[in-house]
Amino acid sequence: MSWIDAIMLPIVMTAWLFLSYDAVNRLCLKRGWPMRDGIGMVLWVTVGFAGGAYIMVLFNVI
């Protein structure tokens, strides 16, 4: 892994988590599900980890 990948990886993963939070929040609002203390947080964590793992595979980190 080069130094550019090491700098870009946390930035890309953080952006992914915030973008996925917004997408999950919109989905929960459409369906009437509670975002906090409900299925929304489970979905957000799942999407965040899956997206982070995918990005790490793209950068050949794991």
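The structure contained in this document is the topic of the report that follows. (Residues numbered from 1 in each chain as written. Predicted model: local features only at pLDDT ≥ 70, side-chain atom pairs only at ≥ 80, totals over all residues. Heavy atoms only, no water.)

What follows concerns the overall build of the protein. From N to C terminus, the protein includes two helices and zero strands. In terms of overall size, the protein is more extended than a compact globule, its C-alpha atoms giving a radius of gyration of 14 Å where 62 residues would be expected to give roughly 11 Å. In terms of overall dimensions, the protein has a C-alpha envelope of 45 × 15 × 15 Å along the principal axes. Counting across all 62 residues of the protein, residues that qualify as buried make up 18%. Considering only intrachain contacts with a sequence separation of at least 6, the fraction spanning at least 24 residues in the protein is 49%. (Helix = DSSP H or I, 4+ residues; strand = E, 2+ residues; numbered from the N terminus. Rg over C-alpha atoms; globule rule 2.2 N^0.38 Å. Buried < 20%, exposed > 50% of the residue type's maximum accessible area, 1.4 Å probe, protein only. Contact = heavy atoms within 4.5 Å.)

Looking now at helix α2 (residues 39–58). With 20 residues, α2 extends 28 Å between its outermost C-alpha atoms, agreeing within 8% with the 28 Å of an ideal straight helix rising 1.5 Å per residue. The complete set of buried residues in α2 reads Gly40, Gly48, Gly51, Gly52 and Ile55. The buried residues of α2 all sit within an arc of 100 degrees when viewed along its axis, so they share a single face. In α2, the exposed residues that point more than 90 degrees away from the buried face are Val42, Phe49 and Tyr54. Where α2 terminates, the next one or two residues include Asn60, which has phi positive at roughly 55 degrees. (Expected span 1.5 Å × (residues − 1). Arc of directions from axis to C-beta.)

All right, on to the pattern of salt bridges then. Across all of its chains, the model carries one salt bridge by this definition. In this structure, Arg26 and Asp22 form a salt bridge, with 3.2 Å as the shortest nitrogen-oxygen distance. With Arg26 and Asp22 both in helix α1 (residues 3–31) and four residues apart, this pair spans about one turn of that helix. (Salt bridge = Lys/Arg side-chain N within 4 Å of Asp/Glu carboxyl O.)

With that settled, the discussion passes to the environment of Leu19. Note that Leu19 resides in helix α1. A relative accessible area of 62% places Leu19 in the exposed class. Sequence separation between Leu19 and Asp37 is 18 residues, and the spatial gap between their C-alpha atoms is 20 Å.

Right, let's get into unusual backbone geometry. Its identity as a non-glycine residue notwithstanding, Asp37 has a phi of 55 degrees, on the positive side. Residue placement: Asp37 occurs in the loop between α1 and α2. Here Asp37 falls in the exposed class, since its relative accessible area comes to 81%.

A contiguous nonpolar patch, built from Trp3, Ile4, Ile7, Met8 and Ile11 and spanning about 540 Å² of accessible area, is present on the exposed surface. By the secondary structure assignment, Ile7 is in helix α1. The class for Ile7 is partly exposed, based on a relative accessible area of 45%. (Patch = residues over 30% accessible without salt bridge, like charges linked within 9 Å, V, L, I, M, F, W, Y side chains within 5 Å. Areas by Shrake-Rupley, 256 points an atom, 1.4 Å probe, with all protein chains shown as cover.)

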